[in-house]
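# Coordinate inspection notes
Residue-level listing of the chains:
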Amino acid sequence: MQVPNSFKLALLKQMLLGFQLSAVSSNSMSFHERKNAIKLSADAAMVFARGSTRWTRGLVASLSKNRNNEDLLRGILGKKYERLSLPCCNSWKIPRSRKILKRCLGLCSRRKKATGTQHDVKSSSTLARRLVKKRIQVLKKLLPGGDSMEGFSLLDQTLDYAVSLKAQVDVMRRLLKISKASNLNK
Amino acid sequence: MSSRRSRISEEEITELISKLQSLLPETRRRGASRASAAKVLKETCNYIKSLHREVDDLSDRLSELMATMDVDSAQAEIVRSLFRS
């Protein structure tokens, strides 16, 4: 699963814009200030390239928590900023999907009425259930805005996010390579 | 009004999980057979964490580089070279 080239190009453009806006090449910045500006630019650029979806809104929400980030976010996201800042209206619940997900992940106890030792089956399936539950909790923390997602949307958004993240990494790697190669030093 | 059938089916979720699996670098290397959903979840979490670390590391390196780079004139050059490759 890959993003189209247009995605990467838009990401790069907005990231470079972010660098300019935050004046990363100025001498007055500390290493950490510069690094944070770079990270923020990269994230905002990724959001811009992806557009509006649950994880991008979640990411904008968490980045906006730091007041200092607002100017750069507005600068990179432009008109999109307002729309991405809208609170996520919790769309209609899909109760059935949560059940289906749980079944797929082996979380439903009803199916586990197996033949064989009741005790053994119970303890192994309980363990499996707890393990999967734990992993879903970890996933929710990793995914921006993940706390409000369940079932199908959680997985769907995870896929979307992972693909975008990979693109972000690719673009940054490429930028690093090209910047080193082109000797554009002050 | 009859009960509203959810459009999400078990097949769709299974398909999502297999798509997630195909993303994972492990899978690409070993050409894996179907892993359990629980395993895919675990590997996905690890994958996302490793991508986060990479972004952090790349930010470090870019930060060192940017200190001595003229970003403004670099921008045009960078975009141009991307079009070339």
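Heads up: these notes are all about the structure in this document. (Residues numbered from 1 in each chain as written. Chains lettered and ligands numbered in written order. Predicted model: local features only at pLDDT ≥ 70, side-chain atom pairs only at ≥ 80, totals over all residues. Heavy atoms only, no water.)

## Looking at the nonpolar core
Worth spelling out the cut-off: Grouping buried Ala, Val, Leu, Ile, Met, Phe, Trp, Tyr and Cys residues that are joined through side-chain atoms within 4.5 Å yields what is termed a nonpolar core. Relative accessibility thresholds used throughout: buried, under 20% of the residue-type maximum; exposed, over 50%; partly exposed, between the two (1.4 Å probe, protein chains only). Under the DSSP-based scheme used, a helix requires at least four consecutive residues in state H or I and a strand at least two consecutive residues in state E, with every element numbered from the N terminus. We call two residues contacting when some pair of their heavy atoms lies within 4.5 Å.
One finds Met-15, Phe-19, Leu-105, Leu-155, Met-172 and Leu-175 of chain A to be the most contacted residues of the largest nonpolar core, which totals 72 residues. Per-element tally for this core: the top contributor is helix α8 (residues 151–181) of chain A, with 15 residues. In this structure, Leu-105 of chain A is in contact with Val-132 and Ile-136 of chain A together with Ile-17, Ala-37, Ala-38 and Leu-41 of chain B, ignoring residues within four places of it in sequence.

## Side note on the pattern of salt bridges
Keep this limit in mind: Salt bridges are defined as contacts in which a side-chain nitrogen from Lys or Arg sits within 4 Å of a carboxyl oxygen from Asp or Glu.
One pass over the structure, following the stated rule, counts 14 salt bridges over all chains. Between Asp-170 of chain A and Lys-166 of chain A there is a salt bridge, with the nearest N and O atoms lying 3.1 Å from each other. One end of the pair is Asp-170 of chain A and the other is Lys-166 of chain A, both in helix α8 and 4 residues apart, which spans about a single turn. You can call Lys-166 of chain A partly exposed: its relative accessible area is 26%. For Arg-173 of chain A, the salt bridge is made with Glu-54 of chain B, and the minimal N-O distance between the two is 2.6 Å. With Arg-173 of chain A in helix α8 and Glu-54 of chain B in helix α3 (residues 37–66), the pair connects residues from two separate chains. On the basis of relative accessibility, which here comes to 38%, the residue Arg-173 of chain A falls in the partly exposed class. The exposure class of Glu-54 of chain B is partly exposed, given its relative accessible area of 25%.

## A few points about unusual backbone geometry
Residues and elements named next belong to chain A. Unusually for a residue other than glycine, Ala-23 sits at a positive phi of about 50°. Inspection of the secondary structure assignment puts Ala-23 in the loop between α1 (5–21) and α2 (31–50). Under the relative-accessibility criterion, Ala-23 is labelled partly exposed at 34%.

## Topic: the side chain of Asn-69 of chain A
You can see Asn-69 of chain A is positioned in the loop between α3 (54–64) and α4 (70–77). What Asn-69 of chain A contacts, discounting residues up to four positions off in sequence, is Leu-40 and Leu-63 of chain A.

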